[in-house]
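Topology and contacts: notes
Residues per chain, in single letters:
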Amino acid sequence: MPVLFLLCVLSLAVYATSTDELTAQAHIQKLSESRYWHLLMHAPKEESEIDDDRFFLASEGKTNLSAELDATIRYFSEDNNRSDGSVFCRFPARRAWLEKELNTSFGTGECHEYEALLEKLDPQKVTLVFPSAHINSPASMFGHTFLRIDSSMESKLMSYAINYAAQTEDQNGFLFAYKGITGGYYGFYSMLPYYEKLKEYRDSESRDVWEYDLNLTHDEVMAMVRHIWELQHMNSWYYFFDENCSYNMLWLTEVARPSVHLRDHFFYYVIPPETVRAFEEESLVAQKHFRPSKRTKILAYEERLSSVGIRITQSLRNGETDIDMSGLTEQERRYILEAAAELVEYDFIEGKIGKEQYTKRYHRLLSARAVLGEGVDIPIRLKANPDSAHRSARVSVQQGWYDHRSPLLIGWRPAYHDLDEDDTGHLAGAQIEFFDASVGIDRHKIHIENLTILSLASLAPVSHFFKPFSWRMKTGWDREYGNDTLSFVARVGAGVSIGNERIFGYLLSEPEVRAGFTSDAGLGVSGGLVVNWGNRFKTHLEAGDIFYIDGKDRSRLTMTNQWGWNSRGALSLRYESVKQVYGEDRFTVGINLYF
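All of the points below concern the structure found in this document. Just so you know, these numbers come straight off a predicted model, no measurement behind them.

**With respect to helix α10 (residues 245–256)**
- Helix length check: α10, at 12 residues, gives a terminal C-alpha distance of 18 Å against a target of 16 Å (1.5 Å per residue), a fit within 8%.
- Of all 12 residues in α10, 12 are buried, a share of seventy percent or more.
- When α10 is considered as a whole, its buried residues turn out to be C245, S246, Y247, N248, M249, L250, W251, L252, T253, E254, V255 and A256.
- Capping of α10 at its N-terminal end is provided by N244; its side-chain oxygen lies 3.3 Å from the backbone amide nitrogen of S246.

**Some remarks on the packing of helix α3 (residues 65–78) against helix α5 (residues 92–102)**
- Close contact between α3 and α5 brings their axes to 11 Å; oriented N to C, the two are set at 90°. Between α3 and α5, the crossing angle belongs to the class labelled roughly perpendicular. From α3, E68, L69, T72, I73 and F76 reach across to α5, where they touch R94, R95, W97, L98 and L102.
- Here the residues of the contact of α3 with α5 sort into six nonpolar, one polar and three charged.

**Details of the packing of aromatic side chains**
- A full pass over the atoms with the stated rule returns 22 aromatic pairs.
- Geometrically, the ring pair formed by Y346 and F466 is edge-to-face, given 5.2 Å between the ring centres and 90° between the ring planes. Pair noted here: Y346 is in helix α14 (residues 330–349) and F466 is in the loop between β13 (461–462) and β14 (470–478), with a separation of 120 residues, a long-range link.
- With a relative accessible area of 9%, Y346 lands in the buried category.

**Some thoughts on the nonpolar core**
- Counting 75 residues, the largest nonpolar core has L98, L147, L214, M224 and L252 as its most contacted members.
- When residues no more than four places from it in sequence are discounted, the contact partners of L98 are L31, L69, T72, I73, F76, N103, T104 and F106.
- Membership of the second largest hydrophobic core comes to 25 residues, among which are A300, A340, A341 and I378.

**A look at the side chain of S48**
- Mapped onto the elements of the fold, S48 is located in the loop between α2 (35–41) and α3.
- Here M41 takes part through its backbone oxygen, which lies 2.5 Å from a polar atom of the side chain of S48.
- At 3.0 Å, the side chain of S48 forms a polar contact with the backbone nitrogen of I50.
- Every residue in contact with S48, bar those within four places of it in the chain, is listed here: M41, H42, A43, F56 and K62.

**Details of the state of the cysteines**
- Counted by the stated rule, this structure contains one disulfide.
- Each sulfur in the disulfide pair C89 and C111 lies 2.0 Å from the other. Between C89 and C111, the S-S torsion sits near -80°, and that sign places the bridge as left-handed. Pair noted here: C89 is in helix α4 (residues 87–90) and C111 is in the loop between α5 and α6 (112–121), with a separation of 22 residues, a long-range link.
- Note on C111: relative accessible area 6%, which makes it buried.

**Looking at the sheet that holds strand β7 (residues 285–291)**
- Across the sheet, which stays open at both edges, the seven strands sit in the order β6-β4-β3-β2-β1-β5-β7 with antiparallel pairing between neighbours. At either margin of the open sheet sits one strand with a lone partner, and together these are β6 (235–238) and β7. Strand-to-strand twist across the sheet, computed as the mean angle between neighbouring axes with direction ignored, equals 30°.
- Here strand β3 (residues 160–166) pairs with strand β4 (residues 185–193) via seven bridges, running antiparallel. Within β4, the residue paired with N163 across the bridge is S190.

**What to know about the environment of L192**
- Its place among the elements puts L192 in strand β4.
- Once the C-alpha coordinates of L192 and G354 are considered, the two residues, 162 residues apart in sequence, prove to be 26 Å apart.
- Those residues within four positions of L192 in sequence are excluded, and the remaining contacts are S159, Y160, A161 and K197.

The rules we used
Residues numbered from 1 in each chain as written. Predicted model: local features only at pLDDT ≥ 70, side-chain atom pairs only at ≥ 80, totals over all residues. Heavy atoms only, no water. Helix = DSSP H or I, 4+ residues; strand = E, 2+ residues; numbered from the N terminus. Expected span 1.5 Å × (residues − 1). Buried < 20%, exposed > 50% of the residue type's maximum accessible area, 1.4 Å probe, protein only. Polar contact = N/O pair within 3.5 Å; in protein donor to acceptor, adjacent residues only side chain to side chain. Axes fitted to C-alpha atoms, helices over the stretch in contact; angles between N-to-C directions. Parallel < 35°, antiparallel > 145°, perpendicular 65-115°, else oblique. Contact = heavy atoms within 4.5 Å. Nonpolar A, V, L, I, M, F, W, Y, C, P; charged D, E, K, R; others polar. Phe/Tyr/Trp six-rings, centres within 6.5 Å; stacked < 30°, edge-to-face > 60°. Core = buried A, V, L, I, M, F, W, Y, C linked by side-chain atoms within 4.5 Å. Disulfide = S-S within 2.5 Å. Pairing = 2+ DSSP bridges.

If you want it as structure tokens, here you go:
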């Protein structure tokens, strides 16, 4: 018995010595200061952005990376628990890196859950996925990014998506925006089959999807997967502008390939389309793929069908069966049945019909389509990739010629896109702007011309198959009222748009409330025409009247032409005619610089 006790003591002494030696070696190599340890800790500087205590092994590990490294080495060396849930099994990325850097081995364990995950994922490649904006949804106008872990299976639908999102159940849009901006939600990583994410974005929300295959090696993919395992169930405060869905995908990719510096491309905010561009600039993208949404596909059928074909498609969509299509070509009959099946599925997803109706109609349409044999797939126009869009931040320099002054106008906007700008890579008819500001310099005086807090628009054209409404809103300060004095405005309106992505017109009713030096309220009506000519050239014409309670009514006509020579710059030419207290014609010409 004394002999066994002595052996146990000696064994513990060996472990203690081994731990001390490894810790000393780590200090000599300054591993806690290394870039990779900071990546594993999600620490841009000395404090981790992970806000879950379970992620840290030292009591002060969130703010003391050296103490966290020492605690990690101690657990790996001395903890006899090597089963599921242990530190040994919970942190495979830390373990693999330390074993390599310290030229040691911490032994083996029985990490059955982690091994089961690897078997399920079969990780081979990684793809960056970008769902575009969802029509009529302000919260989605920036788009979204997540990663897909590709297996050796040919179908990518059976791969797994790695997503980061805020956990929220708030239905109030203003509360959602406030909490999202101020960090009022926890963000979590999640993993689910890719086909479920596609169903959510491409079908349920009608968002086109772009896929960017990354050129990561198998070892780099495994490094990412090991770190994903470490982050499961961990939470961090979610911030809409910086620590958001896209930003956290940058951490995962840098852990996989630490030689890239994706986060260095961003300073104050991280916008999903800009992260796609960062992947491109870091030479991470091998191939690109486009997956059109169900809405895009249905609209492609609408463009191909005749008026008779559209009418028949609508009838089939509504469940009618006794329809004569004998006068149509066989290929159009194929398109009609395919389009009707797509619409029936869309109606089911939207909750417009029940499961029994959907099943019966869908089966009947597919059976009729099968009788017609193989045909020509509906051609779908390839849209511009998000990475081809103009940059998000904008500085503008314009010279104005007004009736009463000729200001030099200097503007700045951190994000993101307005209706006057080139739609390449953007959802046509969508606008989202934060803190758009401009000042006018005239006769050695500086005036604030406008300061927009938030401006949103979604001009979604109606079609035979879809009937969305159009709307826009603005809140901020401008000089559009009365005698050219600054006033605060809140405006929101709704209406209808007609056309397509290349050319569309709209008509909106827009109530308005003003406060400040000039206070008033009124009801406005605006109509406009937008033409995307191609080659980054766009024309936007708008006319409107606002009928105020106290002040004189105001009429306004604007025409803006913009031509972008690339994603970094555009030439702008604008004419504006305003009539209220007095009439005035305004011309401005200048450039927009994007970065």
